[in-house]
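# Understanding the architecture of this molecule
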Amino acid sequence: MKKIRRQMLAGMGSLLAAPVVISPAQAQGQPIKVGLGIAQTGPLGGGGKAALLGLQMWVDDVNARGGMLGRKVQLIAYDDQSNPATTPGIYTKLLDVDKVDLLVAPYGTNPTAPIMPMVKQRGLLLMGNFSFDVNATIKHDMWFNNAPWGGGAEAWGGTFLEAGRVLGGKTIAFMAADAEFAQNLAGGARSIAKTMGLQTVYDQNYPPNTVDFSSMVRAVRNARPDIVFIASYPSESAAMVRSINEIGVGNSVKLIGGGMVGLQFAPVMVPLGSMLNGFVNFHTYVPEKSLNFPGVSDFLKRYQVRATQEKVDPLGFYLPPYNYSIGQVLEQAITATKSLDHKTLAAYIRGNELKTIVGNYRYDALGEWATPRLPMVQFQNIADKDVEQFRQPGKQVVIAPASLKTGDLIPFDKARK
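Rules used in this analysis
- Residues numbered from 1 in each chain as written.
- Predicted model: local features only at pLDDT ≥ 70, side-chain atom pairs only at ≥ 80, totals over all residues.
- Heavy atoms only, no water.
- Axes fitted to C-alpha atoms, helices over the stretch in contact; angles between N-to-C directions.
- Helix = DSSP H or I, 4+ residues; strand = E, 2+ residues; numbered from the N terminus.
- Left-handed = near helix turned anticlockwise from the far one by under 90°.
- Contact = heavy atoms within 4.5 Å.
- Nonpolar A, V, L, I, M, F, W, Y, C, P; charged D, E, K, R; others polar.
- Salt bridge = Lys/Arg side-chain N within 4 Å of Asp/Glu carboxyl O.
- Buried < 20%, exposed > 50% of the residue type's maximum accessible area, 1.4 Å probe, protein only.
- Pairing = 2+ DSSP bridges.
- Polar contact = N/O pair within 3.5 Å; in protein donor to acceptor, adjacent residues only side chain to side chain.
- Phe/Tyr/Trp six-rings, centres within 6.5 Å; stacked < 30°, edge-to-face > 60°.
- Right-handed = clockwise from strand over helix to strand, strands pointing away.

### A look at the packing of helix α2 (residues 45-64) against helix α13 (residues 320-337)
- In the contact formed by α2 and α13, the axes pass within 7 Å of each other and the chain directions differ by 35 degrees. Handedness of the α2/α13 crossing: right-handed. Contacts between α2 and α13 involve Ala 50, Ala 51, Gly 54, Leu 55, Met 57, Trp 58, Asp 61 and Val 62 from the first element and Pro 320, Asn 323, Tyr 324, Gly 327, Gln 328 and Glu 331 from the second.
- For the contact of α2 with α13, a count of residues per class yields eight nonpolar, four polar and two charged.

### Things to note about the pattern of salt bridges
- In total, this model carries 13 salt bridges according to the counting rule given.
- Residue Arg 306 is joined to Asp 60 by a salt bridge in which the shortest nitrogen-to-oxygen separation is 3.3 Å. Highlighted residues: Arg 306 in helix α12 (residues 296-310) and Asp 60 in helix α2, separated in sequence by 246 residues.
- In this structure Asp 60 comes out as partly exposed when scored by relative accessible area, which is 31%.
- Notably, a salt bridge pairs Arg 65 with Glu 331, separated by 2.8 Å at the nearest N-O pair. With Arg 65 in the loop between α2 and β2 (73-78) and Glu 331 in helix α13, this pair connects stretches of sequence that are 266 residues apart.
- Overlapping salt bridges, with partners in common, bring together Asp 61, Asp 298 and Arg 302 in one network.

### Points about the environment of Leu 167
- Secondary-structure assignment places Leu 167 in the loop between α7 (154-166) and β6 (171-177).
- Its relative accessible area of 23% is what places Leu 167 among the partly exposed residues.
- Sequence spacing of Leu 167 and Val 296 is 129 residues, and the spatial spacing of their C-alpha atoms is 33 Å.
- Ignoring anything within four residues of it in the chain, the contact list for Leu 167 reads Lys 254, Leu 409 and Pro 411.

### Concerning the sheet that holds strand β4 (residues 126-128)
- With parallel pairing, five strands are arranged side by side in an open sheet as β2-β1-β3-β4-β5. Since the sheet does not close on itself, it has two edges, and those belong to β2 and β5 (143-145), each with one partner. Going across the sheet, the axis of each strand differs from the next one's by a mean of 20 degrees, ignoring polarity.
- In terms of strand pairing, strand β1 (residues 32-37) meets β2 through six bridges, oriented parallel. What sits directly across from Gly 37, in β2, is Tyr 78.
- Relative to the sheet, α13 contacts β3 (102-104) and β4, its axis offset from that of β4 by approximately 145 degrees.

### A short note on the side chain of Ser 252
- One can find Ser 252 in the loop between α10 (234-247) and β9 (255-260).
- A relative accessible area of 8% places Ser 252 in the buried class.
- Of note is the side chain of Ser 252, whose polar atom sits 2.7 Å from the backbone oxygen of Pro 225.
- Beyond its immediate sequence surroundings of up to four residues, Ser 252 is in contact with Arg 224, Pro 225 and Asp 226.

### Looking at the packing of aromatic side chains
- Tallying each qualifying case throughout the model produces 23 aromatic pairs.
- Consider the rings of Trp 149 and Phe 282, whose centres lie 6.2 Å apart with planes at 85 degrees: the pair is edge-to-face. Of the two residues, Trp 149 sits in the loop between β5 and α7 while Phe 282 sits in strand β10 (residues 280-282), which places them 133 residues apart along the sequence. Here Trp 149 and Phe 282 have matching classes, each one buried.

### Section: the sheet that holds strand β7 (residues 199-206)
- Taking strand neighbours across the sheet as the criterion, the seven strands line up as β7-β6-β8-β9-β10-β13-β14 in an open arrangement whose pairing is mixed. Two strands lie at the open edges of the sheet, namely β7 and β14 (396-400), each paired on one side alone. This sheet shows a mean twist of 25 degrees between the axes of neighbouring strands, independent of strand direction.
- Two strands pair when backbone bridges link them, and β6 and strand β8 (residues 227-232) are joined in this way by five bridges, in the parallel orientation. Of the residues in β8, the one forming a bridge with Ile 172 is Ile 227.

### Overview of helix α3 (residues 87-96)
- The buried fraction of α3 is high, at nine of 10 residues.
- When α3 is considered as a whole, its buried residues turn out to be Thr 87, Pro 88, Gly 89, Ile 90, Tyr 91, Thr 92, Lys 93, Leu 94 and Leu 95.
- Those residues of α3 that are buried lie in contact with β1, β2, β3, α4 (109-112) and α5 (116-122).

### Observations concerning the pairing of β7
- Note that β6 and β7 share seven bridges and pair parallel. In the strand pairing of β7, Ala 173 is matched with Tyr 202.
- Traced from β6 through helix α8 (residues 180-196) to β7, the parallel crossover comes out right-handed.

In C-alpha cells form, the structure reads like this:
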C-alpha cells in the first residue's frame, strides 16, 4: 500500500475558502483525487491502517479496470493521529492545496465531528467512515455514513439491552468514555434502558484513554447489576476487559459489553484471548453464515495477503470491507452519472440502492443506513494466543438481531467457565 504522508502546511487558508474549479479540458489526463485524513498513529491507528488498506485495494482494483471517466484514481491520505484537533486543517489542505475531487471522512466519530460544519458550508459530498450520529444536528444533505448501525442508538443499545432483558435482567450499570462517540452511544442506551423499565444502579463517565478501571469495576460489582453497558475506545476496551477479568463483576451480571470499540481488531483480541469469553459486543463482520455477502470472502482473502505484507490487522473484519465499499459506492455513482459534481453524486447515492461487498443498502434522509444491520456477537470458547480461531465460525456467535442470529446467548458467568 502506497501511503502518502506529508506535513500539514502552516498558514493555511480559511476553512471557508472556495476550492479551485478545474474545467473538463484541464482535467483530461489528471487523476481523480480521493482525499482523507485517517489515523495511522494514536489510539485509532490500528484500525485506521487497516481501513486505509481496504480503501487502497479499491483504488488498485478500479485502476486495473481502467479507472473512471477515462482517468486513474489517486488516494491522498494524511495521518490525523487520532486527534480531532488535526482534522479541520487536514481537510482544508486536501481541498485548497491538493485540490482533491472527492472526500472520505476520518475513521471514527471524534475526528469526523469537527469537519462537518466545513463540508456543509462548502456544499461538499462526504462519505462517512464509521461515525455515529455526527449529522444528527448538522443535517448536511450530502453526508453518507458507510456504517451498518443507522441513526440513533437503537441498533446498538436496543438489541443489546433486549438480549439482557430476555435473560431476566432488571438492573443496569453504565460505563462510558467522556468523548463524543461514547457519550452519543451511552446516552441513547440510557434512554432505551429507561423505556424498557431497567433500573440504573451505576452510571459513570471516565476520561478518554483511561488505563486503570479497577475502582470502577469494584463499584460495578458492589452495585450488583444484571446488565453492564460499556462505551469505550480500543485502549480503554482492552484495559476494561483486563480489569474485569482480574477483579470480577460478581455473579449478578448476565450480560456485559455493547459498545466497546477495539474488540473487533486482531491486535486487541489475540492478546486478550480467553479473557474475552462471555463478552457481547457490536461488530460489523464475523465469519458466520448470515454475514457472508457476495464478494466479502474474496475481498478478505486478498486483504489478508496484503495485510501480512503491510503489517496491519491480519483479520481485517471490522473496517476494511466497509472502506472498500465506500469506493464501490463512489464508483457506482460516478459511473452512472458520468460526473464528479458533488450534488449530482449525492442525488444518485440518496436515490438508489447501493450494491457492495457488505450487502446492498439505501440511505435515509440524514445519510445513515435506512435499515440498520448491526450484529451483536458473543465471544464463546476463545482460547489464548490463537489468531486462527477468529477465522472460524462459532467463536464470535451472532446473537442478535434475529435476522442475523447464528447461535444462542450464554449468560456471562456461564460463558466464562
